[in-house]
Amino acid sequence: MAAHLKKRVYEEFTKVVQQQQEEIATKKLRLTKPSKSAALHIDLCKATSPADALQYLLQFARKPVEAESVEGVVRILLEHYYKLSPFEIFQANFPSLSLESHQVLAQLLDTLLAIGTKLPENQAIQMRLVDVACKHLTDTSHGVRNKCLQLLGNLGSLEKSVTKDAEGLAARDVQKIIGDYFSDQDPRVRTAAIKAMLQLHERGLKLHQTIYNQACKLLSDDYEQVRSAAVQLIWVVSQLYPESIVPIPSSNEEIRLVDDAFGKICHMVSDGSWVVRVQAAKLLGSMEQVSSHFLEQTLDKKLMSDLRRKRTAHERAKELYSSGEFSSGRKWGDDAPKEEVDTGAVNLIESGACGAFVHGLEDEMYEVRIAAVEALCMLAQSSPSFAEKCLDFLVDMFNDEIEEVRLQSIHTMRKISNNITLREDQLDTVLAVLEDSSRDIREALHELLCCTNVSTKEGIHLALVELLKNLTKYPTDRDSIWKCLKFLGSRHPTLVLPLVPELLSTHPFFDTAEPDMDDPAYIAVLVLIFNAAKTCPTMPALFSDHTFRHYAYLRDSLSHLVPALRLPGRKLVSSAVSPSIISQEDPSQQFLQQSLERVYSLQHLDPQGAQELLEFTIRDLQRLGELQSELAGVADFSATYLRCQLLLIKALQEKLWNVAAPLYLKQSDLASAAAKQIMEETYKMEFMYSGVENKQVVIIHHMRLQAKALQLIVTARTTRGLDPLFGMCEKFLQEVDFFQRYFIADLPHLQDSFVDKLLDLMPRLMTSKPAEVVKILQTMLRQSAFLHLPLPEQIHKASATIIEPAGESDNPLRFTSGLVVALDVDATLEHVQDPQNTVKVQVCRVLYPDGQAQMIHPKPADFRNPGPGRHRLITQVYLSHTAWTEACQVEVRLLLAYNSSARIPKCPWMEGGEVSPQVETNIEGTIPFSKPVKVYIMPKPARR
Amino acid sequence: MPEIRVTPLGAGQDVGRSCILVSIAGKNVMLDCGMHMGFNDDRRFPDFSYITQNGRLTDFLDCVIISHFHLDHCGALPYFSEMVGYDGPIYMTHPTQAICPILLEDYRKIAVDKKGEANFFTSQMIKDCMKKVVAVHLHQTVQVDDELEIKAYYAGHVLGAAMFQIKVGSESVVYTGDYNMTPDRHLGAAWIDKCRPNLLITESTYATTIRDSKRCRERDFLKKVHETVERGGKVAIAVVGTRALGYAGRVLLARMNLKVPIYFSTGLTEKANHYYKLFIPWTNQKIRKTFVQRNMFEFKHIKAFDRAFADNPGPMVVFATPGMLHAGQSLQIFRKWAGNEKNMVIMPGYCVQGTVGHKILSGQRKLEMEGRQVLEVKMQVEYMSFSAHADAKGIMQLVGQAEPESVLLVHGEAKKMEFLKQKIEQELRVSCYMPANGETVTLPTSPSIPVGISLGLLKREMAQGLLPEAKKPRLLHGTLIMKDSNFRLVSSEQALKELGLAEHQLRFTCRVHLHDTRKEQEMALRVYSHLKSVLKDHCVQHLPDGSVTVESILIQAAAPSEDPGTKVLLVSWTYQDEELGSFLTSLLKKGLPQAPS
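Residues numbered from 1 in each chain as written. Chains lettered and ligands numbered in written order. Predicted model: local features only at pLDDT ≥ 70, side-chain atom pairs only at ≥ 80, totals over all residues. Heavy atoms only, no water.

In the annotation of an unreviewed UniProt entry, chain B is listed under the name Integrator complex subunit 11 and assigned to Colobus angolensis palliatus. Of chain B, the UniProt comment under Cofactor (unreviewed entry) reads exactly: "Zn(2+)". Recorded in UniProt for chain B, the comment headed Sequence similarities (unreviewed entry) runs: "Belongs to the metallo-beta-lactamase superfamily. RNA-metabolizing metallo-beta-lactamase-like family. INTS11 subfamily." (UniProt positions renumbered as here; feature names shortened; annotations may be inferred.)

The name an unreviewed UniProt entry gives chain A is Integrator complex subunit 4, with Colobus angolensis palliatus as the organism. Per UniProt, the comment on chain A under Subcellular location (unreviewed entry) is "Nucleus".

In structure tokens form, the structure reads like this:
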């Protein structure tokens, strides 16, 4: 009876809701007789306030419109709802939800979704929206159902408590509602349901484990987008409940959920659609909790048939016997049928994990192969034993037909190289890739060899021989090969030792001819040997005389490749360098600290003394940076800062200030130049160093502000008339304002500084005249304290070296004028920030002899990332010009483009696309950060 | 009962001379028309007299479909069409159409010119036969006639190989021909959509094999060649000539820096390579992507082989056709080199029983050649499965992709088929057949018959209940009208109107005797409250005249005059409410619960 009562109550409740709706229906917006959309657009543009716009909308709603333009109208509504207060539009739109057209309904639901996401804190609205969505879920149009599910996914909540609070609304289990649509008849709706479920997960709601079974059924859906989404969902659930136990159908065994999911996803690697295959292969990589025996199955096609279930020892023994039932196809006749096997044991299809990677790596589509290699990489990184096992497969991938796949597998191998040791036959295959015509592949392989462990001395020899072959075939690889040999040598000193006599072709009795010192191949051999000798003290004994001489030469000329050696009886060489390397680090750090601390006493010195101190310190820092590459970044950074300060002091020292009245003279060159230079330097500090933190940014901006103040004062002093001054003053004050807003959190650190004082006087400044402002600024600049620049932990200066063109060639690059010639540019970039957007950062510039400059933005694909903090730019610059009579040089250099708004911390109120007049914050510019290279070119007139 | 009948004339529990007859919904289709490599007598061609003893074959067959150009799939075609006589359409893909005549001509030459056979088809016959060919594109649905349609799917295997779907109405059969589920160096993998045919006829050459990864095999192969060459031996690699130097060759070229000369036997291969260049869209992703920059089928390091080279000293590597050593250059080379234990022959593919290849692979060391001479085989014989057939896993995968109702295995050895059959039935729960040659398999089908439903009826049903759920059957009342061989489902009122019939009502009545001494009204009240509590989902009403209705079922309580102790409940319901009515009576027969008076 109680149940019956409840039902009655529920019925009554539903009736109430219906009545509500009827009420609303009386003031229904009739969009069914629509009007021209363009008119609405204009109307809405005219609207100044939300209330106005709403009025327009309401007017519009009563006007007749043609049926075709309904969609356009709705779109305009969507565009404009941003400008309106969301709640109002919600109220306006809500009643019209009982429209006839499915398309309009879907669009409106879309609007509601946007509104809902805009008001995350308003529970009541969300509840109502969810309600609306639930109501329309039964719509006949797939579009409407799609949108409803999307709405549910984005707004539906699981928190029952909240739902109960909202009176009259039944607690809805969003997951269950969405789950019901997993079996919708339209595949698009099924996909949307899964996506909505994933959305719920993304919003942090915990999905029920029951979904797992539902999702598993969807894996055999007819439509690829459903399967693809289902794979994702299974993955999500497996990450949520990795340890729960699920039964295996058709047996009474149980298994961890993550293992089961792994098997299922593995099975999808042989799906019919390559989109699903890619998806599955990708997800496999992130399933690290999977048990190791499942993982290892993925590499074995045959074993896999059984490992799905745990077996008793007896069964396993039988299996060993029966595993011979499938032939490997390597030997004739081993597939001859033997006696009947207990067929219950073998299961080819269900036990998906078996050989998943074997399939994935052999897939027809290279996209799948790449995904599989990536997944292998991730799994191998987390499991050393798996790394060992997948090595063979990875090595085989080095022979893939598609370059991207080869490259990817080489990179993968590099990432897992600390877990593995290459066997000789594997090394053989690996080294064969050195013949590849693609430069990327060869260089990736060199990188790989840098960090590979080789097991035998034959392996080392083989690698050396192949690298030398590579060197003769592609001489441009010289640097990369040398570097590779450096690491190869230092990693395997004991393996190199027995090879030394052979490599140096020394003979126990006879002196052999001295090899040519300029031969790149010989240098390569020496690099290998010297690096091995570093940790192998017995090796130098095997050197012949000329080897020592060559060592001395190489140590000087290629110091980055040749380490310092402790050579017996060669005190001269050894004592000069070797001890310093190890022990100097600490003192230099100390020295840096001391010299910087010295600067803090700057305040108490007279201007002259301060200048001198700064000059000394800058000199010291620069020298230190040259000596100690590890500290170069810090030293340079601080030196730049000090230079700014020095310039500022110098500028303020000028005589010009002593004259009370404005001079209107051009004499203040020094001051204005100083201001300009300080500005430049501050941009460099801000954008050319990686690892700059917020603390430093504040100081840098502060310095820039000072420079601007200086500029203002100088302008005030040197220009006649007040009109330009007004503008400048205003701009400056605005900037101060911005500074205050952006760095409000850091202001306490800026005690006693220029800004601190400035802000104190801000009210006064705002009201006073420009001349007065200038005066105040001037005194403040003089009084302001020097700010201590806190040193960041890790700071590196961005630098770039253009490797190619080398700029030494005397042969001009000839081309027909008016046509285009491609110039290969190869450069390494170090510590360039934001590798994803490097495109925007680097700009190549070609400076023609006639002063014409051309900026080229390299494509994103031209950047390679061979290591952390390092980038490689390999691109082609297209040059063209009209005819010249003689060959001439053009300059090529790399520039760092910056956008000053990039570093500014985002303020909450600045979000939402509010465009404010950001005078200061949007300066874009470029900083040259590589040495220019000159290329000799010769455009010839076209022959007729 | 409609059915699909399948009779293999060749390739039933055997490899070679593929030829399968399929009758589906009254249409007869012949799939492939091949020859057998193992025989040189009448057995090499399928027995076409099975189809008809006298009369033209054209009258019995609606069309012939050739899956690809291998001779065991098309070798008997000129014989069949010109000598036996068939004038209907022959369907094959464009590459097959281009390459097939070359192979047939070659086959004819060997048979007639070398072996001196009489009564063989002539060049002109090949030409005439090819005139009857209709070329199809992949995924193109071709209407053979009004009802029969065929559609080709990519099959990998060789250039132009295709799987065919044969469809009549809602019944369909898929024939795979030979196919490959893993891509090789220049061809992609077979692919089919979830077409859910009634029957999938699949090859099963490698029914018991699960191959190693192809890269493992490549490695192995390279190692073997390397070792032999280093020993100073000669390597003969038998290749199926038409596969553009074969898989193995491509590997060898791509990866080895062999210092020894590499030759390949001229003729077929050159032509075949030419066709690979022509039909780039049929190749795999890699070639499709790169053929603009670099043509994979240009070989710089390979020289054409001359018969005289076989006697040259020193190591060499020769690719020779045909692959099973049953004739031609590969057999000649094999004869010359067989005596030296340093040499090696590599068989990269499957060998049909009866060929030299099969003999040496099964370990025979003394071969009887033509002319009674005995050849002692001392050279190493290696087998390396590079042939482009699907392995067991691949076959299962394809079956899984197509989701057929049943599977029929052809083109494989009986024992191996047995094993696969078992697996398929067990794991995919799909019935599986493996008929021998001449044996007929009959599959009953249940073709679906489309029925038109009147909109009024549909709308009425929709209004009553929820939306129709996918894949869930739902009960619907209506009248099926069969008129002029079409079917319509209309509401019963409309049916009555159309047919000019009057409506009859069928009502069931039933008496239920209950022991009760109370009065009728009281009785009715009790029945009412009882039913009300039991049937919560139904509308139970107590009418003022003392009767109780449940939906349209009427229950009246009456007191028979003779016995005051029993009451009779009269239950009456219409035919439409039969289910509820019978439930009610059985419920009432159990008696009313003892009321707490």
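From this point on, the discussion continues.
What follows covers the overall build of chain B. Across its full length, chain B holds 16 helices and 30 strands. Burial statistics for chain B: of 597 residues in total, 54% are counted as buried. Here chain B displays about 26900 Å² of accessible surface, and carbon together with sulfur accounts for 51% of that area. (Helix = DSSP H or I, 4+ residues; strand = E, 2+ residues; numbered from the N terminus. Buried < 20%, exposed > 50% of the residue type's maximum accessible area, 1.4 Å probe, protein only. Areas by Shrake-Rupley, 256 points an atom, 1.4 Å probe, with all protein chains shown as cover.)

Residues and elements named next belong to chain B. Residues Ile453, Leu455, Leu458, Met462 and Leu476 make up a contiguous nonpolar surface patch of roughly 390 Å² in combined accessible area. Examining the composition of the nonpolar patch, we find that three residues originate from one element, helix H13 (residues 455–464), more than from any other. Within the secondary structure layout, Leu476 lies in the loop between H13 and strand S24 (479–483). (Patch = residues over 30% accessible without salt bridge, like charges linked within 9 Å, V, L, I, M, F, W, Y side chains within 5 Å. Salt bridge = Lys/Arg side-chain N within 4 Å of Asp/Glu carboxyl O.)

Before going further, it helps to spend a moment on the sheet that holds strand S25 (residues 486–490) of chain B. Residues and elements named next belong to chain B. The strand order across the open sheet built from three strands is S23-S25-S24, with neighbouring strands paired in mixed fashion. Edge positions in the sheet fall to strand S23 (452–453) and S24, since each has one partner strand and no second. Where S23 meets S25, two bridges bridge the pair, whose relative direction is parallel. Within S25, the position partnered with Gly452 by the bridge is Arg488. (Pairing = 2+ DSSP bridges.)

Counted according to the given criterion, the structure contains 15 aromatic pairs over all chains. An aromatic cluster is defined as three or more aromatic residues linked by ring pairs; in this entry it consists of B:Phe45, B:Phe48, B:Tyr79, B:Phe80, B:Tyr86, B:Tyr107, B:Phe120 and B:Phe121. Geometry around A:Tyr474 places A:Arg442 over its ring, the cationic atom sitting 3.5 Å from the centre. Positioned over the ring face of A:Tyr683 is A:Arg704, at 3.9 Å from the centre of the ring. (Phe/Tyr/Trp six-rings, centres within 6.5 Å; stacked < 30°, edge-to-face > 60°. Lys NZ or Arg CZ within 6 Å of the ring centre and 35° of its normal.)

Here we take up the confidence of the model for chain B. Residue and element names in this part refer to chain B. Residues of chain B with pLDDT of at least 70 account for 89%, and the chain-wide mean is 81. Counting contacts from residues 242–247, a segment whose pLDDT is below 50, to residues more than four positions away or on other chains yields 30 contacts. Both scores are available for the predicted complex, with the pTM at 0.70 and the ipTM at 0.73. (pLDDT = per-residue confidence, 0-100. Contact = heavy atoms within 4.5 Å.)

Bringing the sheet that holds strand S7 (residues 141–143) of chain B into the picture now. Residues and elements named next belong to chain B. With mixed pairing, the seven strands of this open sheet are ordered in space as S7-S8-S9-S10-S11-S20-S21. Every interior strand has two partners, whereas the edge strands, S7 and strand S21 (431–433), have only one. Averaged over all pairs of adjacent strands, the angle between their axes in this sheet comes to 20 degrees, without regard to strand direction. Relative to strand S11 (residues 199–203), strand S10 (residues 171–175) runs parallel, the two sharing three bridges. Bridge pairing in S11 links Tyr175 to Ile201. In the packing of helix H11 (residues 392–402) onto the sheet, the strands contacted are strand S9 (162–168), S11 and strand S20 (406–410), and the crossing angle to S11 comes to about 160 degrees. Packing against the sheet, helix H12 (residues 414–428) makes contact with S20 and S21, and its axis sits at approximately 170 degrees to S20. (Axes fitted to C-alpha atoms, helices over the stretch in contact; angles between N-to-C directions.)

Residues and elements named next belong to chain B. Within strand S3 (residues 27–31), four of the five residues are buried, which leaves the element mostly enclosed by the surrounding structure. Where strand S2 (residues 19–24) meets S3, five bridges bridge the pair, whose relative direction is antiparallel. Note on S3: the bridge partner recorded for Ile24 is Lys27. The turn linking S2 back onto S3 is made up of two residues, and Ala25 within it adopts a positive phi angle of 45 degrees. Pairing of S3 with strand S4 (residues 63–65), which is carried by three bridges, proceeds in the parallel orientation. Bridge pairing in S4 places Val29 opposite Cys63.

For the rest of this paragraph, the subject is the packing of helix H15 (residues 274–284) of chain A against helix H19 (residues 366–382) of chain A. Residue and element names in this part refer to chain A. Between H15 and H19, the shortest axis-to-axis distance is 7 Å and the interhelical angle comes to 10 degrees. Taken together, the axes of H15 and H19 lie roughly parallel to each other. Counted together, Trp274, Arg277, Val278, Ala281, Lys282 and Leu284 of H15 and Glu367, Val368, Ala371, Ala372, Ala375 and Leu379 of H19 form the full contact between these two elements. When the residues that make up the contact of H15 with H19 are grouped by side-chain class, the tally is nine nonpolar, no polar and three charged. (Parallel < 35°, antiparallel > 145°, perpendicular 65-115°, else oblique. Nonpolar A, V, L, I, M, F, W, Y, C, P; charged D, E, K, R; others polar.)

As a further point, take the nonpolar core. Residues A:Leu149, A:Leu152, A:Ile178 and A:Met413 are the most contacted members of the largest nonpolar core, which totals 151 residues. The contacts of A:Met413, once residues within four sequence positions are left out, are A:Leu391, A:Leu394, A:Val395, A:Phe398, A:Ile420, A:Leu422, A:Val430 and A:Leu448. Judged by nonpolar contacts, the second largest core, of 132 residues, contains B:Ile66, B:Met181, B:Tyr275 and B:Leu443. (Core = buried A, V, L, I, M, F, W, Y, C linked by side-chain atoms within 4.5 Å.)

Below, the discussion takes up the side chain of B:Glu382. By the secondary structure assignment, B:Glu382 is in strand S19 (residues 380–383). The residues contacting B:Glu382, other than those within four sequence positions of it, are B:Lys224, B:Met344, B:Val345, B:Ile346, B:Met347 and B:Leu361.

Right, let's get into the pattern of salt bridges. The tally for this structure, following the rule as stated, stands at 37 salt bridges over all chains. Its salt-bridge partner being B:Lys132, residue B:Glu82 comes within 2.9 Å of it at the nearest N-O pair. In this pair, B:Glu82 sits in helix H2 (residues 77–85) while B:Lys132 sits in the loop between helix H4 (123–131) and strand S6 (133–136), placing the two residues 50 residues apart along the sequence. For B:Lys132, a relative accessible area of 18% gives the class buried. Notably, a salt bridge pairs B:Arg488 with B:Glu498, separated by 2.8 Å at the nearest N-O pair. With a gap of 10 residues between them, B:Arg488 in strand S25 and B:Glu498 in helix H14 (residues 492–499) connect regions that are remote in the sequence. For B:Arg488, a relative accessible area of 28% gives the class partly exposed. In this structure B:Glu498 comes out as partly exposed when scored by relative accessible area, which is 36%. Shared partners join several salt bridges into a network, and the residues in it are A:Asp222, B:Lys194, B:Arg196 and B:Glu403.

Residues and elements named next belong to chain A. For helix H8 (residues 142–155), which comprises 14 residues, the first-to-last C-alpha distance of 20 Å matches the rise-based estimate of 20 Å (1.5 Å per residue) to within 8%. Within H8, 11 of the 14 residues are buried, which leaves it mostly tucked inside the rest of the structure. Among all positions in H8, only Gly143, Val144, Arg145, Asn146, Cys148, Leu149, Leu151, Leu152, Gly153, Asn154 and Leu155 are buried. Residues of H8 that are buried in the fold lie against helix H6 (102–118), helix H7 (123–136), helix H10 (174–180) and helix H11 (187–202). Regarding H8, its N-cap is Ser141, as a side-chain oxygen of that residue lies 3.1 Å from the backbone nitrogen of Gly143 further along. (Expected span 1.5 Å × (residues − 1). Polar contact = N/O pair within 3.5 Å; in protein donor to acceptor, adjacent residues only side chain to side chain.)

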